[in-house]
Amino acid sequence: MYNEVQFHPQDVSLKDSVFLITGGAGFIGSHIVEYLLSHGAGKVKVLDNLSEGRISNLDHLKHHSALEFTQGDCCNTELVKELMQGVHYVSHQAALGSVPRSIKTPLATNEANVTGFLNVLNAAREADVKQMVYASSSSVYGDHPQLPKVENQTGNLLSPYAVSKMVNELYASVFNRTYGMQVCGLRYFNIFGPRQRPDGPYAAVIPLFISAIRSNQPVHINGDGLQTRDFTYVENAVQANIRALFPKRNDAMGKVYNVAVSERVTVLRMYEMLCDLGGVAPQAIHRAEREGDIRDSLANISSGGEYLGYNPGVRMEEGLRRTFNWFLNNQ
Ligand SMILES: NC(=O)c1ccc[n+]([C@@H]2O[C@H](COP(=O)([O-])OP(=O)(O)OC[C@H]3O[C@@H](n4cnc5c(N)ncnc54)[C@H](O)[C@@H]3O)[C@@H](O)[C@H]2O)c1
């Protein structure tokens, strides 16, 4: 599916480059791996401990001889150091996602998201990689009321997960300033698409809703459902990662960028759109609001446009259609 789009510069060939994608058996990571392999990358190393990801996310890519999967943990210093040998580009996606999970088990979130991140960042520095990009999150905006969100205005953080992502940003900024490391962060806003897990206690809202619609079950909506989100199709997140690895400006590093569409929709409206795709009538059960959740979310994406050339090609409605069809054909 990535054959039809190209996000790295036209005059750059990926065939002599070695990539390391941590969390590459997860939802977003597996799409980055897919993009790189469809564009002839020389080698794509994947490091994933399979705590949340699934090896089956890479099944359709296993015929590529350039793919090299290692099951292991980002906190394993020796392993990460060894894998980093010969790597030119790193995309760090490994982390324990979910705000509620972090509220329940903050130590586990810190271990994977902070210790694991620092370990990868430091190994990338020691190996002198050309470029590193990592996944941050819109949760770092916390309770800041301004809409749309601009990168330099964040509020009080509302969860251990948000703290872990903010700490990533601080470390990356210091590594850029202190060691001149070429690294930047991407603040994802509700990414969705094929291969996002619909199961488990911390499943994201879109695959959960699609699952319910397909089995003609009601969905649970937190609060009144009028909270808004900037739902972003995964191809846009892949674009941001690739553009960040091959930045068009020399001064693009040491920064963070919103990755979204800049299109705001209520959770209820998103549910109705999915019901239309499934040809069913909405049946929503409202329950209490979720602790740590932000009420409204909408990104200003002009900085990513200016420094990286990021320009989301897939709007939400088209992304929902693609995602719904994928679940119909694959689950
Ligand atoms: N999906 C979103 O909407 C969203 C929003 C904001 C930020 N993010 C961030 O984007 C990244 C990717 O998220 P995703 O949605 O693809 O989640 P995911 O759970 O599908 O992917 C994360 C992957 O990391 C792996 N992993 C976790 N801890 C690890 C460790 N210690 N060592 C090695 N592998 C480990 C998991 O097994 C999984 O495959 C994460 O950093 C997440 O925090 C995602």
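See the structure shown above.
This part is about the packing of helix 2 (residues 77–84) against helix 4 (residues 106–126). Closest axis-to-axis distance for the helix 2/helix 4 pair is 9 Å, and the angle between their directions is 40°. One way to sum up the angle between helix 2 and helix 4 is to call them oblique. As for the relative orientation of helix 2 and helix 4, their crossing is right-handed in sense. In this structure, helix 2 uses Thr77, Val80, Lys81 and Met84 to contact helix 4, whose residues at the interface are Asn119, Val120, Ala123 and Ala124. Partitioning the contact of helix 2 with helix 4 into residue classes produces five nonpolar, two polar and one charged.

Time to look at the site of the ligand. Around the ligand, the structure places 29 residues, and the nearest of them are Gly23, Gly26, Gly53, Ala95 and Ala135. The element contributing the most residues to the shell around the ligand is helix 1 (residues 27–38), with three residues. Taken together, the residues of the shell around the ligand break down into 14 nonpolar, twelve polar and three charged.

Following both chains from N to C, one finds helix 1 and helix 7 (residues 234–245) inclined at 60°, their axes separated by 9 Å at the closest point. Seen from above, helix 1 lies across helix 7 with right-handed handedness. When helix 1 is examined against helix 7, the residues Ile28, His31, Ile32 and Tyr35 are found in contact with a partner set consisting of Val234, Ala237, Val238, Asn241 and Ile242. Tallied by class, residues from the contact of helix 1 with helix 7 come to seven nonpolar, two polar and no charged.

What follows concerns the environment of His39. Looking at where His39 falls in the secondary structure, it is placed in the loop between helix 1 and strand 2 (43–48). According to the C-beta neighbour criterion, His39 is partly exposed, with 18 such atoms within 10 Å. Considering only alpha carbons, one finds His39 and Lys15, 24 residues apart in sequence, at a separation of 8.3 Å. When neighbours within four sequence positions are excluded, His39 is seen to be in contact with Gln6, His8 and Leu14.

Residues of helix 2 that are buried: Val80, Leu83 and Met84. When helix 2 is viewed along its axis, its buried side chains cluster within an angular range of 100° and face the same direction. Residues of helix 2 that are exposed and angled more than 90 degrees away from the buried face: Glu78 and Glu82. In this fold, the buried residues of helix 2 make contact with strand 1 (18–22), strand 2, strand 3 (67–71) and helix 4. Phi turns positive one or two residues past the end of helix 2, at Gly86, with a value near 80°.

As a further point, take the nonpolar core. Phe19, Leu36, Val44, Phe209 and Tyr257 are the most contacted members of the largest nonpolar core, which has 90 residues in total. Apart from the residues lying within four places of it in its own chain, the contact partners of Val44 are Phe19, Ile21, Val33, Leu36, Leu37, Ala66, Leu67 and Glu68. Formed by seven residues, the second largest nonpolar core is a distinct cluster that contains Val99, Tyr141, Tyr161 and Ile294.

With respect to topology, seven strands assemble into an open sheet ordered 3-2-1-4-5-6-11, the strand pairing being parallel. Of all strands in the sheet, those with a lone pairing partner are strand 3 and strand 11 (256–259), marking the two edges. Taken pair by pair, the neighbouring strands of this sheet meet at an average axis angle of 20°, ignoring direction. Pairing between strand 5 (residues 131–137) and strand 6 (residues 183–188): six bridges, direction parallel. Across the sheet, Met132 pairs through a bridge with Val183, a residue of strand 6. Sitting on the sheet, helix 7 is in contact with strand 4 (89–92), strand 5, strand 6 and strand 11, with an inclination near 165° to strand 6.

Right, let's get into the environment of Lys43. Following the sequence through the fold, Lys43 ends up in strand 2. Between the C-alpha atoms of Lys43 and Ile242, which are 199 residues apart in sequence, the distance is 15 Å. With residues up to four places along the chain from it excluded, the contact list for Lys43 reads Val18, Phe19, Ala66 and Glu68.

What follows deals with helix 7. The first and last C-alpha atoms of helix 7 sit 17 Å apart over twelve residues, in line with the 16 Å expected at 1.5 Å per residue. Within helix 7, twelve of the twelve residues are buried, which leaves it mostly tucked inside the rest of the structure. Those residues of helix 7 that sit buried are Val234, Glu235, Asn236, Ala237, Val238, Gln239, Ala240, Asn241, Ile242, Arg243, Ala244 and Leu245.

Attention now moves to the pairing of strand 1. Judged by how many residues are buried, strand 1 sits mostly within the fold: five of five residues are covered. Here strand 1 shows two buried faces, one formed by Val18, Leu20 and Thr22 and the other by Phe19 and Ile21. Two elements, strand 1 and strand 2, share five bridges in a ladder whose sense is parallel. Bridge pairing in strand 2 places Phe19 opposite Val44. Each parallel crossover has a hand, and for strand 1 linked through helix 1 to strand 2 it is right-handed. Where strand 1 and strand 4 come together, four bridges link them in parallel fashion. Bridge assignment links Thr22 to a residue of strand 4, and that residue is His92.

About the cut-offs
- Residues numbered from 1 in each chain as written.
- Predicted model: local features only at pLDDT ≥ 70, side-chain atom pairs only at ≥ 80, totals over all residues.
- Axes fitted to C-alpha atoms, helices over the stretch in contact; angles between N-to-C directions.
- Helix = DSSP H or I, 4+ residues; strand = E, 2+ residues; numbered from the N terminus.
- Parallel < 35°, antiparallel > 145°, perpendicular 65-115°, else oblique.
- Left-handed = near helix turned anticlockwise from the far one by under 90°.
- Contact = placed C-beta atoms within 7 Å.
- Nonpolar A, V, L, I, M, F, W, Y, C, P; charged D, E, K, R; others polar.
- Near = placed C-beta within 6 Å.
- Buried ≥ 20, exposed ≤ 12 C-beta atoms within 10 Å, placed from the backbone.
- Arc of directions from axis to C-beta.
- Core = buried A, V, L, I, M, F, W, Y, C linked by C-beta atoms within 7 Å.
- Pairing = 2+ DSSP bridges.
- Expected span 1.5 Å × (residues − 1).
- Right-handed = clockwise from strand over helix to strand, strands pointing away.

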